[in-house]
Amino acid sequence: MSTAIILSGGGAKGAFSVGALSHLMSAGVNIPFDIVSGTSTGALIASLVVINRIDILREIYSTVNNDSIIRQRDPLRMIRTNQPYFFSDAPLINIIKSKITPQVADQIIQSPKILLLSAVNLQSGRITIFSNKSLPSTHQYETVTITTRDTLINALRASSNQAAFMPPVTMKADDGKDYQFIDGGCREVIPCLAVIDQHPSTIYVLSNNPKYIFSVNTTYNSVINVLMRVIAIFIQDVRENDIAALEAWKKSIATNVDIHYIEPETDLDPDYPTGLRFEPGRMGVMMAKGEARAQAVLDTLSSSPRILAPSGENPMPEPNERCVAITMQGIRCKNKPVTGTTYCHVHQHA
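Residues numbered from 1 in each chain as written. Predicted model: local features only at pLDDT ≥ 70, side-chain atom pairs only at ≥ 80, totals over all residues. Heavy atoms only, no water.

Focus on the overall build of the chain
Right, so step 1: Looking only at helices and strands, the chain features 11 helices and 11 strands.
Right, so step 2: Expressed as a percentage of its 350 residues, the buried residues of the chain come to 52%.
Right, so step 3: When contacts within the chain are restricted to residue pairs at least 6 apart in sequence, those whose partners lie at least 24 apart make up 68%.
Right, so step 4: Total accessible area computed for the chain in this model is approximately 16,200 Å², and 53% of it derives from carbon and sulfur atoms. (Helix = DSSP H or I, 4+ residues; strand = E, 2+ residues; numbered from the N terminus. Buried < 20%, exposed > 50% of the residue type's maximum accessible area, 1.4 Å probe, protein only. Contact = heavy atoms within 4.5 Å. Areas by Shrake-Rupley, 256 points an atom, 1.4 Å probe, with all protein chains shown as cover.)

Points about the confidence of the model for the chain
For any part of a model where pLDDT is low, the fine detail of the predicted coordinates should not be relied upon.
Right, so step 1: Within the chain, residue pLDDT values average 83, and 80% of them lie at 70 or more.
Right, so step 2: Mean pLDDT in the chain bottoms out at helix α5 (residues 75-80), which sits at 55, and peaks at helix α7 (residues 102-110), which reaches 97.
Right, so step 3: Confidence over residues 305-316 falls short of pLDDT 50; this stretch has 33 contacts with residues more than four positions distant or in other chains.
Right, so step 4: Below a pLDDT of 50 lies the segment residues 334-350, which in the model reaches 74 contacts outside its immediate sequence neighbourhood of four places, other chains included. (pLDDT = per-residue confidence, 0-100.)

A look at the packing of helix α6 (residues 90-99) against helix α8 (residues 149-159)
Right, so step 1: α8 packs onto α6 with a crossing angle of 140° between their chain directions and a minimal axis gap of 10 Å. In terms of orientation, α6 and α8 fall into the oblique class. Viewed along their axes, α6 and α8 form a crossing whose handedness is right-handed. Residue-level inspection shows I93, I96 and K97 of α6 in contact with α8, the latter providing R149, I153, L156 and R157.
Right, so step 2: Across the contact of α6 with α8, the residue classes tally to 4 nonpolar, no polar and 3 charged. (Axes fitted to C-alpha atoms, helices over the stretch in contact; angles between N-to-C directions. Parallel < 35°, antiparallel > 145°, perpendicular 65-115°, else oblique. Left-handed = near helix turned anticlockwise from the far one by under 90°. Nonpolar A, V, L, I, M, F, W, Y, C, P; charged D, E, K, R; others polar.)

Description of the side chain of R239
Right, so step 1: Relative to the assigned elements, R239 resides in helix α10 (residues 223-252).
Right, so step 2: For R239, a relative accessible area of 3% translates into the label buried.
Right, so step 3: Polar side-chain contacts of R239 include one of 2.9 Å to the side chain of S207.
Right, so step 4: When sequence neighbours within four positions are dropped, the list of residues in contact with R239 reads V189, I190, S207, N209, P210, K211 and E263. (Polar contact = N/O pair within 3.5 Å; in protein donor to acceptor, adjacent residues only side chain to side chain.)

Focus on a nonpolar patch on the surface
Right, so step 1: Together, V216, Y220, V226 and V230 give the surface a local cluster of nonpolar side chains, amounting to about 280 Å² of exposed area.
Right, so step 2: In this structure, V216 sits in the loop between β10 (202-206) and α10.
Right, so step 3: Given a relative accessible area of 30%, V216 falls into the partly exposed group. (Patch = residues over 30% accessible without salt bridge, like charges linked within 9 Å, V, L, I, M, F, W, Y side chains within 5 Å. Salt bridge = Lys/Arg side-chain N within 4 Å of Asp/Glu carboxyl O.)

Let's talk about α7
Given 3.6 residues to a turn, an α-helix orients residues that are three or four positions apart in the same direction.
Right, so step 1: What α7 keeps buried is the set V104, A105, I108 and I109. Down the axis of α7, the buried side of the element spans an arc of 135°, and every buried residue falls inside it. Residues Q103 and Q110 are exposed on α7 and point more than 90 degrees away from its buried face.
Right, so step 2: Its buried side turned inward, α7 meets α2 (41-49), α6, β5 (114-121) and α8. (Arc of directions from axis to C-beta.)

A few points about the nonpolar core
Right, so step 1: Grouped together as the largest cluster of nonpolar side chains are 71 residues, with contacts concentrated most on L21, L24, L117 and Y204.
Right, so step 2: Looking at this core, the element that brings in the most residues is helix α11 (residues 280-302), giving 7 residues.
Right, so step 3: In this structure, L135, I190, L193 and I196 belong to the second largest nonpolar core, which totals 22 residues. (Core = buried A, V, L, I, M, F, W, Y, C linked by side-chain atoms within 4.5 Å.)

As structure tokens, this is what we get:
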């Protein structure tokens, strides 16, 4: 049995996911993740989750601001160079390189956990999964194996590259051709397709957007405002399709799989659906909301009806024997003995 975590996009809203992860990976909970998938800001988070460096993530999402992540490009230079992109990702590249040192990169590449970073190939139009493991390409996505620090850094740049706002990231493929890559959120806001193919028994989905799109009482009368609203609608549509794919897979397989959704109850920053507003104070609030929502979901699990442990592997113990089954959090139950026919924790089937 394995446990996966899926980390959505959302720019600065990624602070919500960092807060949730801080709780899920804390000493009191300590959920072991075997598969870590991320796109956009979720890709940056995922790369450090596989080596358990929550401390670096909390530092980043507590201190960065717009100037340290993106740089607005000079309009005249945009015209002269025929590159009409709003932002340069040079500051983001500097942060990635400063945190993903050669030593950290080696740890990520050699981690026994499966790392899945999602981007989109502009030329093929297909999803590209960058992974620290050699995985086969499928009819749904292409794969690239991360074997060097440069490939890892470029994969992170590609996955977090917001299309049209930033110039695409050019990378040379195995066939010797140059391809351009953009944000994985253009095809997967909840990057689940490669996760499904790993057949996890438990999945935690950390979404930086609420379940439903927010309604507004606004009359849109500018190109920028209309564009921002359209992006919000687009993100929600892609997100709903991703969730539908997850739920359809769960329904189709013969064995049970547990999927837990940790998401904000309201939009974290409705004025900036792209997440391009990096303010430490605002992100600190998002982080706190992430911690609270993670605790709320775990509380719901612990109060759910009890489920028998897998027959044959973890048979129901006799009254007063210690429970040794696997909890919904994916860890061995080490708590009080069972009483009667009730477990001390909620358990999952094999």
